[in-house]
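# Breakdown of the fold
These are the residues of each chain, in order.
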Amino acid sequence: MPENATEVTAAGIARLAGVGRAAVSNWRRRHADFPQPVGGTETSPSFALPEVERWLRDQGKLVEVPLRERVWQQLAGHPAGPVTALVHTGCALLLVNRSPAAWREITGVSDERMAGVLSLALDDALTDRFGPAGNGRAVRTPDRAELLPSVPLLRGAAELAAETGVRDAYEFLLGRQLDANPRQYTLTPPGLAELMAELAGTGGPGVRTVLDPAAGTGALLTAAGPAGLYAQESDPGLAAVTALRLALRTADTPRTASARRTLDVRTGDTLRADAFPGLAADAVLCHPPFNERNWGHDELAYDPRWEYGFPARTESELAWVQHALARLRDGGTAVLLMPPAAASRRSGRRIRADLLRRGALRAVIALPAGAAPPYGIPLHLWVLRRPGAAPQPNPALLLVDTAEPAEQTTGGGRDRLDLTALRHAVIDAWHAYEGQRPQPTAPHSAAARTVPVIELLDDDVDLAPARHLPSPAATGGPAELAGVRERLTTTLGLATSLTPPPPAPTAPAHRPLTTLGELARAGALQLRHGGAGTGTGPVLTEHDVLGGTPPSGAPATGAPATGAPEEPVLVEAGDVVVPVLGGVTVVRVVDEATAGAALGRNLQLLRPDPDVLDPWFLAGFLRGTTNNRQASSHASTATRLDARRLQLPRLPLAEQRRYGERFRALAAFEDALRLAGRLGGQLVQGLYDGLTDGTVTPE
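The name an unreviewed UniProt entry assigns to the chain is N-6 DNA methylase, from the organism Streptomyces drozdowiczii.

See below:
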């Protein structure tokens, strides 16, 4: 085995062979010739990828590893880590796009010789795109020793690029890395990035330069229009990945002037060591780190960027706001994603007041929870504009609240958030505020108001939209409440009619049992697991199953369809869906309205053979408390369900259907109770709101 061979975990082997991790554990126990671990730990060993591929082929368990999967495993198991592997891959793809003939010539030699020749070729390609290495560019040319372990990966990545294009190949690999390690990165969802770019006007003819001073993985600048791009990132690996991602974004297009616009990505701490002190950008997009105490407060007290006041140690976000304004030309626009506390903390009230007095702050937009990480917090967008040489005070501040109505967010979360509709609502409000004519768009619940600045300059200078606007979820008045009450009355009547009769006492039944695992092996049942929800249609999420709502998730957008890691599992009528995590016993039988949706994460699908198993019989017995206790295991604080251990009684199909009809009736009763609870909560909150805001009188 080569010394630097790519390593793969048991989970990676399972993905290669299209089986569960339990099957890999069984192979290790049953087959003496299974490859031995070469790394990892005793509880999580890793194996040499070439040995694993060879063993799987010899055993007939693998005909051919899909190219995208092989390349991803090589990247994920790279000896120097996946970020280094992404940098090497991006450099190689840049060369592939710049000079395909040179790449073919370089790859026609041995790995050892290729590594040396490749280093020289990459230096030419990187210099051509980013300038000489001495000017502080983010992407350093890797030498021969660094490239040697990457050569098999780079050969595979070039093959993948031949199928999908260099941009899509790189986006696929980067997307897989971000999906596999979401807690390691500060991510900005694509829909939110597009909204921020549109607010900043980056697609307009007057925007020629765009800066992101906290670039992360480059999500915000990928949403910017055809402009010169400037970025700074403190992490050297991420800075290099961002530079390559942005360079490859236009790599598949012809070499026109627009495709060769300025791209300058630097490494460094932006607040302490600004890489662009003389830049006057047309627009700034920024998703800064939140709640940082060690941002340079002590050493930056006399920095000229603090034009609106020296931020307190606890106000790092206001330091980023002023940095963004300092790097704008007069009249330029900045859009920053901010924590909600920045709009109301007392320690920042003087800076907020000066931003208002001088007309720098134009809008504060409250987003619903789930728009961006941390997903449990409703973040804000701040829209700022740098005043000119003779600043004119802005008479009013635009406040927008895009919170979703309670009925729409029951069992919600980011899977239920419609970012497209949200973007339309925000842009409509912004265009109206700017005096532009808003275009007709999809409806979205949002409250917007221009508040005179004089009303905001009190002792608190609290700019939280919720403080000054009625909630979009507030009642539409007595007529709407009357409609809710009528629906509730009808639903309560339905629930009453569906209430099951009292059961007759009987002795416990002793019936022969079987497990779902045995039924699966016999072919009476298929078991599938949900994934990231790739594809084009709606996704059935865990929240939908728990709340009994229609599929509400959106397909994953981290990788193009041509580079999707796996095909989505589409549910069919009669399938039984069970959540993997949590102690709540919930089972859902898929109906015709839900059929065709993709199965989301943390869900298991049970597809019974209708000639052997009745789906409602199956779903009903899975709800048994004892059954679930026996099939559940505990890892840390989470309960995990192993569906293969769930038990069913062995009954004839006709008897199954008798049970199934009763279980179906119970499910209808449960749905009616759930709807009644939602309507009741909506009615109660609407009456509270109406009585307190005066739209409903006590009479």
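Continuing now.
We now examine the overall build of the chain. Counting secondary structure elements, the chain contains 24 helices and 22 strands. For the chain, contacts bridging at least 24 residues in sequence account for 73% of all contacts bridging at least 6. When the accessible surface of the chain is totalled, it reaches about 32,700 Å², and 52% of it is carbon and sulfur.

Turning our eyes to something else, we now look at helix α24 (residues 653–693). In a regular helix each residue adds 1.5 Å, so 41 residues correspond to 60 Å; α24 covers 59 Å between its end C-alpha atoms and thus fits that length. Inspection of α24 places Gln 656, Gly 660, Phe 663, Ala 667, Phe 669, Ala 672, Ala 676, Leu 679, Gly 680, Leu 683, Gly 686 and Gly 690 among the buried residues, and these make up the whole buried set. Considering only its buried residues, α24 is in contact with α19 (478–498) and α22 (615–622). Of the residues one or two after α24, Gly 694 is the one with positive phi, at around 90 degrees.

For the rest of this paragraph, the subject is the sheet that holds strand β17 (residues 588–589). Taking strand neighbours across the sheet as the criterion, the 4 strands line up as β14-β19-β16-β17 in an open arrangement whose pairing is antiparallel. Every interior strand has two partners, whereas the edge strands, β14 (525–529) and β17, have only one. As paired elements, strand β16 (residues 576–579) and β17 share 2 bridges and run antiparallel to each other. Across the sheet, residue Val 577 finds its bridge partner in β17, namely Arg 588. Lying over the sheet, α22 contacts β14, β16, β17 and β19 (603–608), oriented at roughly 20 degrees with respect to β16.

In this section: the layout of surface pockets. Approximately 690 Å³ is the volume found for the second largest pocket. Counting residues per element, the ones that place at least two in the lining of the second largest pocket are α21 (542–547), β17, α22 and α24. Sorting elements by how many residues they give to the lining of the second largest pocket places α24 first, with 11 residues. Considering only residue class, the lining of the second largest pocket consists of 15 nonpolar, 5 polar and 8 charged.

With that out of the way, let us pick up unusual backbone geometry. A cis amide bond links Pro 373 to the next residue, Pro 374, at an omega of -5 degrees. With respect to the helices and strands, the residue Pro 374 is situated in the loop between β9 (361–366) and β10 (380–385). Positioned with a positive phi, Val 461 is a non-glycine residue whose angle comes to about 45 degrees. In this fold, Val 461 is placed in the loop between α17 (453–456) and α18 (465–468). Its identity as a non-glycine residue notwithstanding, Asn 602 has a phi of 60 degrees, on the positive side.

For the rest of this paragraph, the subject is the packing of helix α5 (residues 82–98) against helix α7 (residues 111–130). Where α5 meets α7, the axes come as close as 9 Å, and the angle between the chain directions of the two elements is 80 degrees. Looking at the two axes, α5 sits roughly perpendicular to α7. Contacts between α5 and α7 pair Cys 91, Ala 92, Leu 94, Leu 95 and Arg 98 from the former with Leu 118, Ala 121, Leu 122, Asp 124, Ala 125, Leu 126, Asp 128, Arg 129 and Phe 130 from the latter. For the contact of α5 with α7, the class distribution of residues is 10 nonpolar, no polar and 4 charged.

The subject of this paragraph is the pairing of β16. Judged by which residues are buried, β16 turns out to be covered on both faces: Val 576 and Val 578 on one side and Val 577 and Pro 579 on the other are all buried. Relative to β19, β16 runs antiparallel, the two being bridged by 4 bridges. Bridge pairing links Val 576 to Leu 606 in β19.

Turning to the nonpolar core, a few remarks are in order. Counting residues in hydrophobic clusters, the biggest one holds 92 residues, and the most contacted among them are Leu 199 and Leu 381. One finds Ala 319, Ala 334, Ala 342 and Ala 447 within the second-largest nonpolar core, a separate group that totals 43 residues.

All right, on to the packing of helix α4 (residues 67–76) against helix α9 (residues 151–164) then. Orientation of α4 relative to α9, taken along the N-to-C sense of each, is 145 degrees, at an axis distance of 9 Å. The handedness of the crossing between α4 and α9 comes out as left-handed. Touching Leu 67, Arg 68, Arg 70, Val 71, Gln 74 and Leu 75 of α4 are Pro 152, Leu 153, Gly 156, Ala 157, Glu 159, Leu 160 and Glu 163, all from α9. Its residues assigned to classes, the contact of α4 with α9 shows 7 nonpolar, 2 polar and 4 charged.

Buried within helix α11 (residues 190–200) are the following residues: Leu 192, Ala 193, Leu 195, Met 196, Ala 197, Leu 199 and Ala 200. Elements that come into contact with the buried residues of α11 comprise α12 (219–222), β7 (281–286), β8 (328–338), β9, β10 and α16 (419–434). Backbone geometry just after α11 places Gly 201 at a positive phi near 70 degrees.

This paragraph deals with the side chain of Asp 274. In this fold, Asp 274 is placed in the loop between β6 (263–267) and β7. Engagement of the side chain of Asp 274 in a polar contact is seen with the side chain of Arg 327, the distance being 2.6 Å. With near-sequence residues (within four places) excluded, Asp 274 lies in contact with Gln 232, Asp 269, Arg 305, His 323 and Arg 327.

Looking now at the packing of aromatic side chains. As enumerated under the stated definition, the model contains 11 aromatic pairs in all. One aromatic cluster is present, formed by Trp 27, Phe 34, Phe 47 and Trp 55 through successive ring pairs.

Moving on, we get to the environment of Gln 59. Secondary-structure assignment places Gln 59 in the loop between α3 (49–58) and α4. Residue classification places Gln 59 among the partly exposed residues on the basis of a relative accessible area of 30%. Taking the C-alpha atoms as reference, Gln 59 lies 10.0 Å from Phe 34; in sequence the two are 25 residues apart.

Further remarks concern the environment of Val 484. Note on placement: Val 484 falls in helix α19. Between the C-alpha atom of Val 484 and that of Leu 679, which follows or precedes it by 195 residues, the distance is 6.5 Å. Every residue in contact with Val 484, bar those within four places of it in the chain, is listed here: Leu 679, Gln 682 and Leu 683.

What counts and how
- Residues numbered from 1 in each chain as written.
- Predicted model: local features only at pLDDT ≥ 70, side-chain atom pairs only at ≥ 80, totals over all residues.
- Heavy atoms only, no water.
- Helix = DSSP H or I, 4+ residues; strand = E, 2+ residues; numbered from the N terminus.
- Contact = heavy atoms within 4.5 Å.
- Areas by Shrake-Rupley, 256 points an atom, 1.4 Å probe, with all protein chains shown as cover.
- Expected span 1.5 Å × (residues − 1).
- Buried < 20%, exposed > 50% of the residue type's maximum accessible area, 1.4 Å probe, protein only.
- Pairing = 2+ DSSP bridges.
- Axes fitted to C-alpha atoms, helices over the stretch in contact; angles between N-to-C directions.
- 1 Å grid on protein atoms, 1.4 Å probe; cavity = no way out; pocket = protein on both sides within 12 Å on 5 of 7 lines; lining within 4 Å.
- Points joined across faces, edges and corners; volume = space filled by probe spheres on them.
- Nonpolar A, V, L, I, M, F, W, Y, C, P; charged D, E, K, R; others polar.
- Parallel < 35°, antiparallel > 145°, perpendicular 65-115°, else oblique.
- Core = buried A, V, L, I, M, F, W, Y, C linked by side-chain atoms within 4.5 Å.
- Left-handed = near helix turned anticlockwise from the far one by under 90°.
- Polar contact = N/O pair within 3.5 Å; in protein donor to acceptor, adjacent residues only side chain to side chain.
- Phe/Tyr/Trp six-rings, centres within 6.5 Å; stacked < 30°, edge-to-face > 60°.

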